[in-house]
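Structural overview
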Amino acid sequence: MKPIVILLISSINFLCCSQSKSLDFQEEKDWEYFNANKSRLCETLEQCDTLDRLNLLEYSKFLDQVYSRRSKMAEDFLDKYPASVHYDEILNWYLHLYFQPMFISKDIEEDSFEFLSKFTGSVRYGSKVSSFYRTLPVDDKAINQWVEKGNDLVRRVLESEVSMGRKAEVELRLLSRDFNLAKRWYDALPKTDRESDYWSQFDKQYWGSFKLRLFELLDKYPDYEPLADYILSLLEDTLKKRSPILVESYTELFIAKTAEQTLFEKGVGIKLLNKKLKTQLEAREVLNRRNASEPIKMDLIGLDGSKISLSQLMGKVVLIDFWSIRCAPCIKEMPHVADLYKKYREQGFEVVGIVAEGDDARERVLQIIKKQGAIWLQHMDRGAMSNISYHNLYNIYALPEVWLLDKNGKVVDKNARGTRLEPLIKEYLSK
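Residues numbered from 1 in each chain as written. Predicted model: local features only at pLDDT ≥ 70, side-chain atom pairs only at ≥ 80, totals over all residues. Heavy atoms only, no water.

This part is about the pattern of salt bridges. Across all of its chains, the model carries 19 salt bridges by this definition. Between D178 and R177 there is a salt bridge, with its nearest N and O atoms 2.7 Å apart. The class of D178 is buried, set by a relative accessible area of 17%. Of the charged contacts in the structure, one is a salt bridge between D219 and K257, with a shortest N-O distance of 3.3 Å. (Salt bridge = Lys/Arg side-chain N within 4 Å of Asp/Glu carboxyl O. Buried < 20%, exposed > 50% of the residue type's maximum accessible area, 1.4 Å probe, protein only.)

It is worth spelling out the packing of helix α10 (residues 225–239) against helix α11 (residues 244–259) at this point. Viewed as axis vectors pointing N to C, α10 and α11 meet at an angle of 165 degrees, and their least axial separation amounts to 9 Å. In terms of orientation, α10 lies roughly antiparallel with respect to α11. Of the two elements, α10 crosses α11, and the hand of that crossing is left-handed. Contacts between α10 and α11 pair I231, L235 and L239 from the former with P244, V247, Y250, T251 and F254 from the latter. Looking at the contact of α10 with α11 residue by residue, the classes come out as 7 nonpolar, 1 polar and no charged. (Axes fitted to C-alpha atoms, helices over the stretch in contact; angles between N-to-C directions. Helix = DSSP H or I, 4+ residues; strand = E, 2+ residues; numbered from the N terminus. Parallel < 35°, antiparallel > 145°, perpendicular 65-115°, else oblique. Left-handed = near helix turned anticlockwise from the far one by under 90°. Contact = heavy atoms within 4.5 Å. Nonpolar A, V, L, I, M, F, W, Y, C, P; charged D, E, K, R; others polar.)

As a further point, take the state of the cysteines. Taken as a whole and judged by the stated rule, the model has 1 disulfide. Paired through a disulfide, C327 and C330 show a sulfur-sulfur distance of 2.1 Å. Disulfide C327-C330: the torsion about the S-S bond is 75 degrees, which places it as right-handed. The exposure class assigned to C327 is buried, which follows from its relative accessible area of 7%. Of the residues examined, C330 reaches a relative accessible area of 3% and is grouped as buried. (Disulfide = S-S within 2.5 Å.)

Let's shift gears to helix α9 (residues 196–220). Taking 1.5 Å per residue, 25 residues should reach 36 Å; α9 reaches 35 Å between its end C-alpha atoms and fits that length. Roughly 45 degrees is the biggest bend found in α9, and it falls at W207. Taken together, the buried positions of α9 are W199, D203, W207, G208, F210, L214, F215, L217 and L218. (Expected span 1.5 Å × (residues − 1). Bend = angle between axes of the 7 residues up to and from the residue.)

Our focus in this paragraph is helix α17 (residues 421–429). For α17, the complete set of buried residues consists of L421, E422, L424, I425, Y428 and L429. The buried side chains of α17 occupy one side of the element, clustering within an arc of 160 degrees when seen end-on. In this fold, the buried residues of α17 make contact with β3 (317–323), α14 (328–344), β4 (349–355), β6 (401–405) and β7 (411–413). (Arc of directions from axis to C-beta.)

This paragraph deals with the pairing of strand β5 (residues 377–380). Along β5, one buried face is formed by L377 and H379 and the opposite face, lined by Q378 and M380, is buried too. Both β4 and β5 contribute to a ladder of 4 bridges, which runs parallel. Within the sheet, the bridge partner assigned to I354 lies in β5 and is H379. In this fold, the crossover linking β4 to β5 by way of helix α15 (residues 362–372) has right-handed handedness. (Pairing = 2+ DSSP bridges. Right-handed = clockwise from strand over helix to strand, strands pointing away.)

Packing of helix α4 (residues 87–94) against helix α8 (residues 164–186) brings their axes to within 9 Å, and their N-to-C directions diverge by 20 degrees. Classified by the angle their axes make, α4 and α8 are roughly parallel. Considering how the two elements wind past one another, α4 and α8 form a crossing that is left-handed. Here α4 contributes D88, L91 and N92 to the contact with α8, which in turn contributes R166, E169, V170 and R173. Taken together, the residues of the contact of α4 with α8 sort by class into 2 nonpolar, 1 polar and 4 charged.

For the bond running from L399 to P400, omega is 5 degrees, close enough to zero to count as cis. Among the secondary structure elements, P400 is positioned in the loop between α16 (390–393) and β6. If you check the backbone angles, F103 has positive phi at about 55 degrees while not being a glycine. Within the secondary structure, F103 sits in the loop between α4 and α5 (110–116). Not every positive phi belongs to a glycine, and N395 is a case in point at roughly 55 degrees. Here N395 is to be found in the loop between α16 and β6. What makes N395 partly exposed here is its relative accessible area of 42%.

A word on the sheet that holds β3. Pairing between the strands of a sheet comes from backbone hydrogen bonds, and it takes one of two forms, parallel or antiparallel. The 5 strands lie next to each other as β5-β4-β3-β6-β7, forming an open sheet whose pairing is mixed. The sheet terminates laterally at β5 and β7, the two strands that pair on one side only. Across this sheet, the average inter-strand angle for adjacent strands is 30 degrees, counted without regard to direction.

The grouping of E109, E110, D111 and E114 at the surface amounts to a negative patch. Summarising the element assignment, E114 is placed in helix α5. (Patch = residues over 30% accessible without salt bridge, like charges linked within 9 Å, V, L, I, M, F, W, Y side chains within 5 Å. Areas by Shrake-Rupley, 256 points an atom, 1.4 Å probe, with all protein chains shown as cover. Lys, Arg positive; Asp, Glu negative; His and termini not counted. Charge placed at Lys NZ, Arg CZ, Asp CG, Glu CD.)

In structure tokens, the structure reads:
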């Protein structure tokens, strides 16, 4: 080959490889930027300090800007790098609740603006401000475009050659996105006790489409185990707070659905859901029959696979710490509990932690307990090895919640934290 040809080929190869490296480098830079900003709420310390002083309209507009920026950042990455190794993770984030804009209309009529501006103070959610969210104008065009964009991104995955597990994951994420939108409108509706029959019928119609979509996913992905945990969490947590009667009928329907022989034999996800629903139902029935003076019963599994029952801890004073990786006060309290654990452990004081999340939060839990010095058993409440969600069973929706059990296994305090904890430990160790 003549030298000039070799030189030309070398130049082409160099140009090609340089462009590839440049593209890879830019992709990684964009990924790092996304990773650094995906959870950021405010840009500066001063901005963060002013959040609590904003009225509800200002605060809502601020959140709308933050979530819109996150959503656009994810959308741009997905469109720019469709073959990226980070594509799946960013798509998951794009469908996440904290990437869901509020779609507040830029045009607010004067009388509505005056009404919305009256909501001051620290109350951001709940019945006291439900009229605020019903009055807040929504940009219908923007929300439709955002929904359709998400549908299109999911459609691309479903039409690709990825695994069935990945397809199941992205369809479940899409359903979760739609469910979060439905919750937003539902939670702003006022209710009174006298309207129970009306709301019972309303709930059947409002949530019925999600039940049918979940049935379809069970038929389509019978081996996908996370679907079982999602359905259980949906019934026992999200819907239970909104429509307890509906949850009872849905639980029976899902038990019957997963018990169908043709479906039951299809996959492990179906069997897991059937088992968990039955176990949770039985546990609730036992709890309803339980005398208040009887000891609490729990079977717990640690992160290392170790098993322990509260019955084995009879004779000790036990602290049960219900917590979540998203509960900052829970995490902040851990070093204080760790100090008391070291001080009183030899005298018969024991601690167990019950984490609200499932196995996908395992690494984050390990990071937290290592940093905070929480060396006691941690049970993943919605993990694959957990047949019962104790947060759901005991209707624990607000955290922190910390129970102290006396030596007979009876709950003697349900707010055993802070400066109250050590005197309580001393009191019940001495009895």
